[in-house]
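# Understanding the architecture of this molecule
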Amino acid sequence: MNKKLELGVNIDHVATLRQARGTIYPKIVDAAACCEAAGADGITVHLREDRRHIQDKDVYDLKSMLNIRLNLEMAINPEIVNIALDIVPEEACIVPEKREELTTEGGLDVAGQMSEVGAVVEKLTNAGVEVSLFVDPDEKQLSASAAVGAKVVELHTGTFCDASENVAKDELDRLIKGAEIAHDLGMVVNAGHGINLDNIEAVLKMPWMKTLNIGHSIIAQAVFVGLEQSVRDMIKKMETYNG
C-alpha cells in the first residue's frame, strides 16, 4: 500500500535537558543535525504555551538550518498560531495542551471545538503549512477532523503503548480501525506517542501510515548509544513496514 514509512524525531527533551540547568547546551540545532545525518525524514518540536522546553528561538533556528521538514506541534493559542504563521513550518500538528500535564495526554477534541480548530486549520493551510490534527482513533473525532479541512491526522498511540497486556489488543484494534477510517475519509495517516523499540512491532500493524513521530524513547536510548545510533535503530525497526 504505502512507500517507505517515514520518521519524524521529536527533540523536545534535548531542550528539557538544557532548560534543567539553564545552559546553552545541548543545542537543539546540533540534535537536529544528528537526526538528519542518521536518516530522519523530519524534526518535530512542541512550542508549548509555558515554554517548558522548546523556546521561540529554537523554532526559528531549526527553520533556517534544516534540510528536512520541520513539524511544529502547537495548541490553538493565538500567540503560538502567529509564530507558526511567521515561521511557516512545512507541517504543523495541532495538539491539546494543559499546563499541568507532563506530556500531551490524549487526542484533541476536534468535534467539541470545530469552529476554533477549523479557523486555525484554514489560516495555516492558506499560509502553505500542511496541517495535521492529533486525535484518538475515534470515528467521531476523525470525521470532525475531515470536516474542518485537515488533510492529515496523527493517531494518538499512547493509550495502546501504555496499556496493560489484557487490554492492549483492543487498543491496537482501535488504532487499526482508526487508520482505516481516516484513509477512507481521504486523510493522510501519521501516528505517534509512547512508541519505543519494544512496542513498535505492534504499531507497525496499523495500515496506511505515512509517518511515525517519535521522541522520548529515541532521546532516552541516545543516553546509552548516542543520538545518531538511536535514530538509526528506530529506522531499522521501521523498515519492515509494508502498509
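None of these values were measured; they are calculated from a predicted model.

## Digging into unusual backbone geometry
In this structure, Pro 26 follows Tyr 25 across a cis peptide bond, with omega equal to -5°. By secondary structure assignment, the location of Pro 26 is in the loop between α1 (12–21) and α2 (28–38). Within the chain, His 193 stands out as a residue other than glycine whose phi angle is a positive 110°. For His 193, the position within the fold is in the loop between β7 (188–192) and α9 (200–203).

## Brief notes about the packing of helix α3 (residues 56–65) against helix α4 (residues 78–87)
Where α3 contacts α4, the two axes come as close as 11 Å, and the packing angle between them is 20°. When the interaxial angle is binned, α3 and α4 end up roughly parallel. As for the relative orientation of α3 and α4, their crossing is right-handed in sense. The segment α3 lies against α4, with Asp 56, Val 59, Tyr 60 and Lys 63 engaging Ile 83, Asp 86 and Ile 87. By residue class, the composition of the contact of α3 with α4 is four nonpolar, no polar and three charged.

## Remarks on the pattern of salt bridges
Within the structure shown, the criterion is met by 15 salt bridges. For the salt bridge of Arg 48 with Asp 50, the shortest nitrogen-to-oxygen distance reads 3.8 Å. Its salt-bridge partner being Arg 52, residue Asp 50 comes within 3.1 Å of it at the nearest N-O pair. On the basis of relative accessibility, which here comes to 26%, the residue Asp 50 falls in the partly exposed class. Note on Arg 52: relative accessible area 27%, which makes it partly exposed.

## Concerning the layout of surface pockets
A volume near 200 Å³ is recorded for the second largest pocket. Of all the secondary structure elements, the ones that give two or more residues to the lining of the second largest pocket are α1, α2 and α10 (216–225).

## Topic: helix α11 (residues 227–238)
Since the α-helix packs 3.6 residues into each turn, any two residues three or four apart lie on the same face. Taking 1.5 Å of rise per residue, the twelve residues of α11 would be expected to cover 16 Å, and the 17 Å separating its terminal C-alpha atoms lies within 8% of that figure. Of the positions making up α11, those classed as buried are Leu 227, Ser 230, Val 231, Met 234, Ile 235 and Met 238. The arc that holds the buried residues of α11, viewed along the axis, is 135°, so those residues lie on one side. Where the residues of α11 are buried, they touch β1 (6–10), α2, α9, β8 (209–214) and α10.

## A short note on a nonpolar patch on the surface
Side chains of Val 223, Phe 224 and Val 225 sit close together on the surface and give an oily, nonpolar patch of about 340 Å² of accessible area. Relative to the elements of secondary structure, Phe 224 occurs in helix α10.

## Focus on the packing of α2 against α3
In the contact formed by α2 and α3, the axes pass within 9 Å of each other and the chain directions differ by 40°. In terms of orientation, α2 lies oblique with respect to α3. Crossing of α2 against α3: the hand is right-handed. Residue-level inspection shows Ile 28, Val 29, Ala 32 and Ala 33 of α2 in contact with α3, the latter providing Asp 58, Asp 61, Leu 62 and Met 65. Here the residues of the contact of α2 with α3 are counted per class, giving six nonpolar, no polar and two charged.

Calculation notes
Residue positions are given per chain, counting from 1 as you read along its sequence in written order. For this predicted model, a pLDDT threshold of at least 70 governs which residues receive local features, and a threshold of 80 or more governs which side-chain atom pairs are given and counted, while totals over whole chains, interfaces and linings are taken from all residues. Side-chain numbers come from the whole structure's heavy atoms, not from hydrogens or water. A run of H or I in DSSP counts as a helix once it spans at least four residues, and a run of E counts as a strand once it spans at least two, with each numbered from the N terminus. Interaxial angles span 0 to 180 degrees and are taken between N-to-C directions of axes, which are lines fitted to C-alpha atoms, for helices over the stretch in contact. Between 65 and 115 degrees an angle is taken as roughly perpendicular, under 35 as roughly parallel, over 145 as roughly antiparallel, and anywhere else as oblique. Less than a right angle of anticlockwise turn of the near helix away from the far helix marks a crossing as left-handed, whereas a clockwise turn marks it as right-handed. Should any heavy atoms of two residues lie within 4.5 Å, those residues are counted as being in contact. Charged means Asp, Glu, Lys or Arg here, nonpolar means Ala, Val, Leu, Ile, Met, Phe, Trp, Tyr, Cys or Pro, and polar covers whatever is left, Gly included. Counted as salt bridges are all cases of a side-chain nitrogen of Lys or Arg within 4 Å of a carboxyl oxygen of Asp or Glu. Residue burial is assigned from relative accessible area. The probe radius is 1.4 Å, only protein chains are included, and a residue is buried under 20% of its type maximum, exposed over 50%, and partly exposed in between. Each cavity reported here is a set of points on a 1 Å grid over the protein atoms alone in which a 1.4 Å probe fits but cannot get out, each pocket an open set with protein on both sides within 12 Å along at least five of seven lines, and each lining residue one with an atom within 4 Å of a point. Grid points are joined across faces, edges and corners, and a volume is the space filled by probe spheres set on the points. Multiplying one less than the number of residues by 1.5 Å gives the expected span of a helix. Starting at the helix axis, one direction is taken to each C-beta atom, and the arc is that of these directions. Residues enter a patch when their relative accessible area is above 30% and they make no salt bridge; the linking distance is 9 Å between like charges and 5 Å between nonpolar side chains (Val, Leu, Ile, Met, Phe, Trp, Tyr). Surface exposure here means Shrake-Rupley accessible area, sampled with a 1.4 Å probe, where a residue is shielded only by the protein chains that are shown.

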